[in-house]
Amino acid sequence: MSADNTPAPAVPAKARVRRLPPEFNILVVLIGMALMFEALGWIFEGQSFLFNILRLRIMILQVSVIGIIAIGVTQVIITSGIDLSSGSIVGATAMVAASLAQSSDYTHAIYPHLTNLPAFVPIIAGIIVGGLGGMINGGLIAWTGIPPFIATLGTYVSIRGFAKWYTRGNPVSFLTPQFNYIGSGIVPVFIFLICAAIFHVVLGYTRYGKFTYAIGANRQAARVSGIDIKRHLLLVYTIAGLLSGLAGIVTAARAQSGQSGMGVGYELQAIAAAVIGGTSLTGGAGRIWGTVFGTLILGVVTSGFTFLNINDYLQEMVLGGIIVGAVIVDQFRQARRAKA
Amino acid sequence: MLSPTTMKAVRESGAVPQASWLMEIQGVSKSFPGVKALDDVSFQLKRGTVHALMGENGAGKSTLMKIIAGIYTPDSGSFKLRGQEIKLVSPLDALENGIAMIHQELNLMAPMTVAENIWIRREPVNRFGFVDHARMYDMTAALFRELNIDLNPDTTVGTLSIANRQMVEIAKAVSYESDVLIMDEPTSALTDKEVTHLFAIIKALRAKGKGIVYITHKMNELFEIADEVSVFRDGHYIGTRDAAAVTREDIIRMMVGREITQMFPKDDVPIGEVVLSVKDLSLKGVFSNVSFDLHKGEILGVAGLVGSGRSNVAEALFGVIPATSGTIHIAGQEVAITSPQVALQHGLGFLTEDRKETGCFLILDVQQNMQVAVLSGDHIRGGFVRQGALSKVCEAMRDALRVKTPSMQERVENLSGGNQQKVLIGRWLLTKPRILILDEPTRGIDVGAKSEIHRMVSQLAGDGVGIIMISSEMPEILGMSDRILVMHEGRATGILNRDEADQVKIMELASH
């Protein structure tokens, strides 16, 4: 994790080679899968899979939202927690942000007096909603001690309820072009990658990051070492909520409307991206780059299957297998390391 | 070579050939990437003996034990059981061949009953295929009678003390009609009385002709229970001696390859003013009215049986479970220690009793483990860890404490127990504590590391740190402490000065 500039003690060269960052394996899988689809593309479709800018763009765009969520979920999982509410938070923030981003051209706006607002208003409102959702999760988990699975299962249901209640289920459309810009072109991809870069640094080099790993590795030891566990968990879940909120804004902007059903199932895809990327559900281990690669693997698989004209339902079946397979491979790798 | 299943069949037929050794291991080696854990090691176990394995952590005795228990397969060498060459492929395989291991970390299922734990996988069933609980109860009761264990087979394991769980493990091993029992530091969490009971059971097993491999770090146990002792060092077999004919010094010399003249080197240092004053400290239902003073440069030993409230007082002082009444003064000022963060701010450090549960971050590296308590103040700028400078400080600490690790990026779980403990001590020393609480600082640690830790503690006292040292080991308490606080059932029953303290007086206070 840290830059080591000591004259390294006698470690055999072989052991050194094994010290490649764990993300490297995931990158290899990612490239392998891309090449596999490339080969299958030439065999079955008579064209290249990778050398098609449009396809690559759509592929990354499709998973950017999942990626933004997964960055927060990775941190939650490192603390040995879980967040099931992120998809619902996407729905809620999409609704709230959209309701404050409506253009005055539309006569049936939710808030008729609050139309044509500058884009920062719905953005900030959305992020606040996401942060609040995360804070509820963190507060419940830290102060009542209930398992994260249960706490976020509760908010998963309630926050989705809020998203539906907000407009009594009606979609919110006719948004300002300024707001829609967030979802246009490859802006979502930029947002995803900037978030990834920020949290890569935060997890690796700040006190927040060190505490996050410590709590996940051994909560009792972290407590005795003077870490304020409650405060930190509140912070981690709030950050996860903020990122889900951001994902909700991007989702609304991409669709140029807010719908209460937005983000359904995203939480599981985000967890899958983190887990495929090497984040351990037992806590204490995981990196943002791994999650980024995990997200891209999801994208490559989805778009590869579409490219090969494989049935949607079949895609889902295979995707499930890939998630489980990734964890099995990871466990074998860990078992081997434990024995070594 | 016979396959394990054939071996099992031979054994069940009763036609077991009479062999001179119950178990005979010749020239066994085992390597892991980068380390040769065992190098041409031999070991012979006779029927009806207790054979102690001794050696510093990392000497190879754990590896040998795991080979015997079928967890590892050796790279080379021969392994004979009852005169037959055998190759074990799994712990279950070992069990079916009559080798049972009683783990240091007990492997019982806490929510299930004693009987269910013992007969798991082999539950007696009635003619409908359902588990016959009545018969299982009787079988367990019979087993307990045979071993003189006083436990109800219907008790839930989770409610039992560690000592009783160990009894269950032993009964389970016996229920497999094992000939070879491996015990890995079985007394490390037991009180003296429980140890006596355990030894009675071990002696009964020995009388039945079982061979017992007994791993220990405690010298006095060796003389009390063992018939033979084999010593290992750095993956090599050093030698086997008759326990009755060997001295403590012989064993230490074999283990460390050098003489350790002074085991408990408490230096005479000037004792300064009071740094910590505790008055009537109580935690409802756990301990009450504990009062004592701690001076600069003083080592205050805390003795008492496991469960006497010693560790609870330490936890209260550090704010892990804050006290419900009483006062704590640090350097003359009253303080309310409501959490470990507050304790840290007041210059306290706390090395907890259980290295694995509350000490180490096993999957994190040495660097992270050492620095976790000092991620504040000068080491942080704008939320960022000043890793370069902090790494240098940690490396200096590693060198000062002589932590043996390939690098600061090594996971702590790959270090030996003694080195893990040094890393944890380093963690607290980095906080520059005024008061350091050490709960069982040398439990499960080899002789060499133990004496290094004692030297370190003594040096700290010399630097003016006030030290509270909880220990179950009488020689450690007597050798290291300036004064000794004795606890019994949640009360402080007395404080003895170094010159007036002896084992008898402490035991009297600890049990009246």
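Residues numbered from 1 in each chain as written. Chains lettered and ligands numbered in written order. Predicted model: local features only at pLDDT ≥ 70, side-chain atom pairs only at ≥ 80, totals over all residues.

**Q** Before we move on, could you go through the overall build of chain B and cite the residues and values that matter?
**A** Tallying secondary structure elements over chain B gives 18 helices and 22 strands in all. Relative to a compact globule of 512 residues, whose C-alpha radius of gyration would be 24 Å, chain B shows 25 Å and is just as compact. Taken across its 512 residues, chain B has 45% of its residues classed as buried. Of the contacts made within chain B by residues no fewer than 6 positions apart, 69% connect residues no fewer than 24 positions apart. (Helix = DSSP H or I, 4+ residues; strand = E, 2+ residues; numbered from the N terminus. Rg over C-alpha atoms; globule rule 2.2 N^0.38 Å. Buried ≥ 20, exposed ≤ 12 C-beta atoms within 10 Å, placed from the backbone. Contact = placed C-beta atoms within 7 Å.)

**Q** Residues and numbers for the overall build of chain A, please.
**A** The number of helices and strands found in chain A is 14 helices and zero strands. Each helix and strand of chain A, placed in order from N terminus to C terminus, yields the pattern α-α-α-α-α-α-α-α-α-α-α-α-α-α. Its C-alpha atoms give chain A a radius of gyration of 21 Å, near enough to 20 Å, the size a compact globule of 340 residues would have. For chain A, the spread of C-alpha atoms along the three principal axes comes to 75 × 60 × 35 Å. Taken over 340 residues, chain A has a buried fraction of 49%.

**Q** Would you mind going over the nonpolar core in detail, with residue names and values included?
**A** Ranked by internal contacts, the top residues of the largest apolar core, which has 175 residues, are Ile-68, Ile-69 and Leu-243 of chain A together with Ile-437, Ile-467 and Ile-468 of chain B. Here the element with the most residues in this core is helix 11 (residues 229–255) of chain A; it accounts for 14 residues. In this view, Ile-69 of chain A contacts Ser-86, Leu-243, Ser-244, Ala-247, Tyr-266 and Ala-270 of chain A; residues no more than four positions away in its chain are not counted. One finds Ala-52, Ile-68, Ala-115 and Val-157 of chain B within the second-largest nonpolar core, a separate group that totals 59 residues. (Core = buried A, V, L, I, M, F, W, Y, C linked by C-beta atoms within 7 Å.)

**Q** Quick rundown of the sheet that holds strand 22 (residues 491–497) of chain B? Include the residues and the values.
**A** Residues and elements named next belong to chain B. The strand order across the open sheet formed by six strands is 16-19-20-13-21-22, and the pairing between neighbours is mixed. Whereas interior strands pair on both sides, the edge strands pair on one side only; in this sheet they are strand 16 (348–351) and strand 22. Going across the sheet, the axis of each strand differs from the next one's by a mean of 20°, ignoring polarity. Inspection of the sheet shows strand 21 (residues 483–488) paired to strand 22 by six bridges, in the antiparallel sense. Opposite Arg-483, over in strand 22, you have Asn-497 as the bridge partner. Across the sheet, helix 16 (residues 447–462) touches strand 13 (299–304), strand 19 (435–439) and strand 20 (466–470), and the angle it forms with strand 20 is around 150°. (Pairing = 2+ DSSP bridges. Axes fitted to C-alpha atoms, helices over the stretch in contact; angles between N-to-C directions.)

**Q** Residues and numbers for the packing of helix 5 (residues 120–144) of chain A against helix 6 (residues 148–166) of chain A, please.
**A** A pair of packed helices can be characterised by two numbers: the angle between their axes and the separation between those axes. Residue and element names in this part refer to chain A. Interaxial distance between helix 5 and helix 6 falls to 9 Å at its minimum, and their mutual angle equals 150°. Between helix 5 and helix 6 lies a crossing of right-handed hand. Two secondary-structure elements touch here, helix 5 through Gly-133, Ile-136, Asn-137, Leu-140 and Ile-141 and helix 6 through Pro-148, Ala-151, Thr-152, Thr-155 and Ile-159. A per-class count over the contact of helix 5 with helix 6 returns six nonpolar, four polar and no charged. (Left-handed = near helix turned anticlockwise from the far one by under 90°. Nonpolar A, V, L, I, M, F, W, Y, C, P; charged D, E, K, R; others polar.)

**Q** Requested: an account of the environment of Val-168 of chain B, with residues and values cited.
**A** Residues and elements named next belong to chain B. By the element assignment, Val-168 lies in helix 6 (residues 162–175). The exposure class assigned to Val-168 is buried, which follows from the 24 C-beta atoms found within 10 Å. Considered as a pair, Val-168 and Met-487 are 319 residues apart in the sequence and their alpha carbons are 29 Å apart. Here Val-168 is in contact with Leu-108, Val-114, Asn-117, Ile-118 and Val-157, once residues within four sequence places are set aside.

**Q** Hey, could you go over unusual backbone geometry for me, with residue numbers and the actual values?
**A** Residues and elements named next belong to chain B. The phi dihedral of Glu-185 falls on the positive side, at around 45°, and the residue is not glycine. Secondary-structure assignment places Glu-185 in the loop between strand 7 (180–184) and helix 7 (192–207). Since 17 C-beta atoms lie within 10 Å of it, Glu-185 is described here as partly exposed. A positive phi angle, near 50°, is found at Lys-432, a position not held by glycine. Mapped onto the fold, Lys-432 is located in the loop between helix 15 (417–430) and strand 19.

**Q** A description of helix 10 (residues 310–317) of chain B should follow, citing residues and the corresponding values.
**A** Residue and element names in this part refer to chain B. Summarising burial for helix 10: eight of the eight residues are buried, a large majority. For helix 10, the full list of buried residues reads Arg-310, Ser-311, Asn-312, Val-313, Ala-314, Glu-315, Ala-316 and Leu-317. Positive backbone phi, approximately 80°, marks Gly-319, located one or two places after helix 10.

**Q** For the sheet that holds strand 12 (residues 287–295) of chain B, give the residues involved together with the corresponding values.
**A** All names here are of chain B. Spatial ordering of the open sheet is given by 12-11-14-15, a layout of four strands whose pairing is antiparallel. Two strands lie at the open edges of the sheet, namely strand 12 and strand 15 (333–335), each paired on one side alone. The sheet shows a mean angle of 20° between the axes of neighbouring strands, direction not considered. Judged from the six bridges that link them, strand 11 (residues 274–283) and strand 12 form a sheet pairing that is antiparallel. Within strand 12, the position partnered with Ser-277 by the bridge is Asp-293. Running over the sheet, helix 10 touches strand 11, strand 12 and strand 14 (325–330) and is turned about 115° from strand 11.

**Q** An account of the environment of Val-423 of chain B is needed here, citing residue identities and associated values.
**A** Residues and elements named next belong to chain B. Structurally, the position occupied by Val-423 is in helix 15. On the neighbour-count criterion, Val-423 (26 C-beta atoms within 10 Å) is buried. In the structure, Val-423 is positioned 54 residues away from Asn-369 in sequence and 7.2 Å away in space, judged by C-alpha atoms. Each residue touching Val-423, except ones within four places of it in the same chain, is listed here: Val-366, Asn-369, Met-370, Val-403, Val-412 and Leu-415.

**Q** Describe in detail the pairing of strand 11 of chain B, supporting the description with residues and values.
**A** Residue and element names in this part refer to chain B. Turn length for the strand 11-strand 12 hairpin, with the two strands adjacent in sequence and antiparallel, is three residues, and the turn residue Gly-285 shows positive phi of about 80°. Strand direction decides the pairing type here: strand 11 and strand 14, joined by five bridges, are antiparallel. For Leu-276, the partnering residue across the bridge sits in strand 14 and is Ile-330.

**Q** Can you break down the confidence of the model for chain B residue by residue, with the values?
**A** Detailed reading of the predicted coordinates is not advisable wherever pLDDT is low. Of all residues in chain B, 93% have pLDDT values of 70 or greater, and the mean over the chain is 87. ipTM for the predicted complex: 0.83, alongside a pTM of 0.77. (pLDDT = per-residue confidence, 0-100.)

**Q** Describe the pairing of strand 8 (residues 211–215) of chain B, and please don't skip the residues or the numbers.
**A** All names here are of chain B. Of all the five residues making up strand 8, four are buried; the element is thus mostly covered by neighbouring parts of the structure. When strand 3 (residues 49–54) meets strand 8, the two strands line up parallel, connected through five bridges. When the bridges of strand 8 are listed, Ala-52 appears paired with Tyr-214. Two elements, strand 7 and strand 8, share five bridges in a ladder whose sense is parallel. Bridged to Leu-181 within strand 8 is Ile-212. At this point the chain moves from strand 7, through helix 7, to the parallel strand 8, and the crossover so formed is right-handed. (Right-handed = clockwise from strand over helix to strand, strands pointing away.)

**Q** Explain helix 2 (residues 61–68) of chain B to me, using residue names and the numbers behind them.
**A** Residues and elements named next belong to chain B. Counted residue by residue, helix 2 has eight buried out of eight residues, so it is predominantly covered. Those residues of helix 2 not exposed but buried are Lys-61, Ser-62, Thr-63, Leu-64, Met-65, Lys-66, Ile-67 and Ile-68. Positive backbone phi, at 80°, marks Gly-70, one or two positions downstream of helix 2.

**Q** Break down the packing of helix 8 (residues 187–205) of chain A against helix 13 (residues 288–307) of chain A for me, with residues and values.
**A** All names here are of chain A. Across the interface, helix 8 lies against helix 13 with an axial gap of 9 Å and an inter-helix angle of 150°. The angle between the axes of helix 8 and helix 13 places the two elements in the roughly antiparallel class. Between helix 8 and helix 13, the contacting residues are Ala-196, Phe-199, His-200 and Leu-203 on the first element and Ile-288, Trp-289 and Val-292 on the second. (Parallel < 35°, antiparallel > 145°, perpendicular 65-115°, else oblique.)

**Q** Before we move on, can you summarise the environment of Gly-326 of chain B with the specific residues and values?
**A** Residues and elements named next belong to chain B. Within the fold, Gly-326 resides in strand 14. For the pair formed by Gly-326 and Ser-288, sequence separation is 38 residues and the distance between their alpha carbons is 9.0 Å. Those residues in contact with Gly-326 that sit more than four places away from it in its chain are Lys-279, Asp-280, Leu-281 and Ser-282.

**Q** Mind laying out the confidence of the model for chain A, listing which residues take part and the relevant values?
**A** Per-residue confidence for chain A averages 89 on the pLDDT scale, and 92% of its residues sit at or above 70. Per-residue pLDDT stays below 50 along residues 1–18 of chain A; that stretch engages in 21 contacts with residues further than four places along the chain or on separate chains.

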